[in-house]
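# Coordinate analysis (summary)
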Amino acid sequence: MTTTLVAVIGPYPVEYGTQGRTTHDDIRNMVSNTPGADLVIIPDLVGGEPDMGWGLPRMRNLAVQYGMDYYRVLIVENDVRVWEDTLLSLLTHDAPVVVPKFSFVSYPPLNGKCYGPPINGQYPLYPITWAPHSIVLLRTRDVVNVPVMFAANAEGTDYKRWAKYGLPAVMALDTPVDILRVPRGYAEAVKDQRLPDNYE
């Protein structure tokens, strides 16, 4: 039975390593390794990648609409490197909003600073008050009547709204992913956004 929709935001994957592998290759591998998962790539025609602005929220909301016939929808931006078991691991946590543990490989100082402030929790689930929208797993039935994605560059606004509707978010510390680009909000402060030469 198909239970999870994986929606990729933006059709332009990030290439890394020396073999020409891309983030879309990893996402497809993850989906094929997850029973009951389908894949859709949200077209840029609803927003346009060169001008992210409100395009990204539109694409995220479209992903949620596509996911209404599924138990869960995983929204993934095109600069996220996932692993074969990423979705399987996230699905073990039955919470309304789940995000993995982020690792910014092009700028490690962001690790641990891109979410918060923390709330008391128990490993592996770490309650959070906001996080990047780079990758987020939503329990679809919970967001049917909730304004889902409004913020263009202020993810915390969405997380606060979800919490207000009784949908607190948790970070799964046992499920790491790599974010291959520095988030736009930090781009001005971080001049060198290249991946490490030895990143594979």
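Residue positions are counted from 1 within each chain, in the order its sequence is given. Totals for whole chains, interfaces and linings use all residues, but because this is a predicted model, local features are given only for residues with pLDDT of at least 70 and pairs of side-chain atoms are given and counted only at 80 or more. To get the side-chain values, take all heavy atoms of the structure and skip hydrogens and water.

### As for the pattern of salt bridges
Salt bridges are defined by distance alone: a side-chain nitrogen of Lys or Arg within 4 Å of a carboxyl oxygen of Asp or Glu. The full count for this structure, using the stated rule, is eight salt bridges. The salt bridge involving R81 is made with D26; its shortest N-O contact spans 3.7 Å. Within this pair, whereas R81 is found in strand β6 (residues 80-81), its partner D26 is found in helix α1 (residues 23-32), the two being separated by 55 residues in sequence. Given a relative accessible area of 10%, R81 falls into the buried group. Note on D26: relative accessible area 6%, which makes it buried. Put simply, R72, D94, R139, R141 and D142 are held in one network by salt bridges that share partners. Secondary structure is summarised from DSSP: a helix means a run of H or I of at least four residues, a strand means a run of E of at least two, and numbering begins at the N terminus for each. Each residue's exposure class comes from its accessible area (1.4 Å probe, protein chains only) as a fraction of the maximum for that residue type: buried when under 20%, exposed when over 50%, partly exposed otherwise.

### Things to note about the pairing of strand β10 (residues 169-179)
Among the 11 residues of β10, eight are classified as buried, and the element is accordingly described as predominantly covered. Being paired, for any two strands, means DSSP has found at least two bridges between them. Sheet topology note: the strand β7 (residues 97-104)/β10 ladder contains eight bridges and is parallel. From the neighbouring strand, F102 faces β10, where its bridge partner is V177. For strand β8 (residues 125-128) and β10, the ladder comprises four bridges, and the chain directions are antiparallel. Pairing of L125 across the sheet is with A172, part of β10.

### Structural notes on the side chain of S89
Of note, S89 is situated in helix α3 (residues 86-90). In this structure S89 touches D174 and T175, once residues within four positions along its chain are discounted. We call two residues in contact whenever any of their non-hydrogen atoms come within 4.5 Å of each other.

### Some words on α1
Helical periodicity: at 3.6 residues per turn, an α-helix aligns residues three or four positions apart in one direction. Among all positions of α1, only T23, H24, D26, I27, M30 and V31 are buried. Viewed along the axis of α1, the buried residues span an arc of 155°, placing them on a single side of the element. Here the arc refers to the directions that run from the helix axis out to each C-beta atom.

### Focus on the nonpolar core
Think of a nonpolar core as a cluster: buried Ala, Val, Leu, Ile, Met, Phe, Trp, Tyr and Cys residues, connected wherever their side-chain atoms sit within 4.5 Å. L74, F102 and L138 are the most contacted members of the largest nonpolar core, which totals 51 residues. Of the residues forming this core, the biggest block, six residues, is contributed by β10. Ranked by size, the runner-up nonpolar core spans five residues in total, among them Y16, V105, L180 and Y199.

### Some words on the pairing of strand β5 (residues 72-77)
Counting buried residues along β5, six of its six residues qualify, which places the element largely inside the surrounding structure. With burial as the criterion, each face of β5 is covered, one bearing R72, L74 and V76 and the other bearing V73, I75 and E77. Across six bridges, strand β1 (residues 4-9) lies against β5 in parallel orientation. Residue pairing for β5: I9 is matched across the bridge by E77.

### With respect to the confidence of the model for the protein chain
Confidence per residue, as judged by the predictor, is encoded in pLDDT with a range of 0 to 100. Looking at the protein chain, the pLDDT average stands at 82 and 78% of residues meet or exceed 70. The spread of mean pLDDT over the elements of the protein chain runs between helix α6 (residues 184-187), the lowest at 67, and α3, the highest at 97.

### Topic: the side chain of T23
Along the polypeptide, T23 turns up in helix α1. Looking at T23, the relative accessible area reads 0%, which means it is buried. Any N or O atom pair separated by 3.5 Å or less is treated as a polar contact, with the protein-specific requirement of one donor-capable and one acceptor-capable atom, and with residues adjacent in sequence counted only for side-chain atom pairs. A polar atom in the side chain of T23 sits 2.7 Å from the backbone oxygen of N78.

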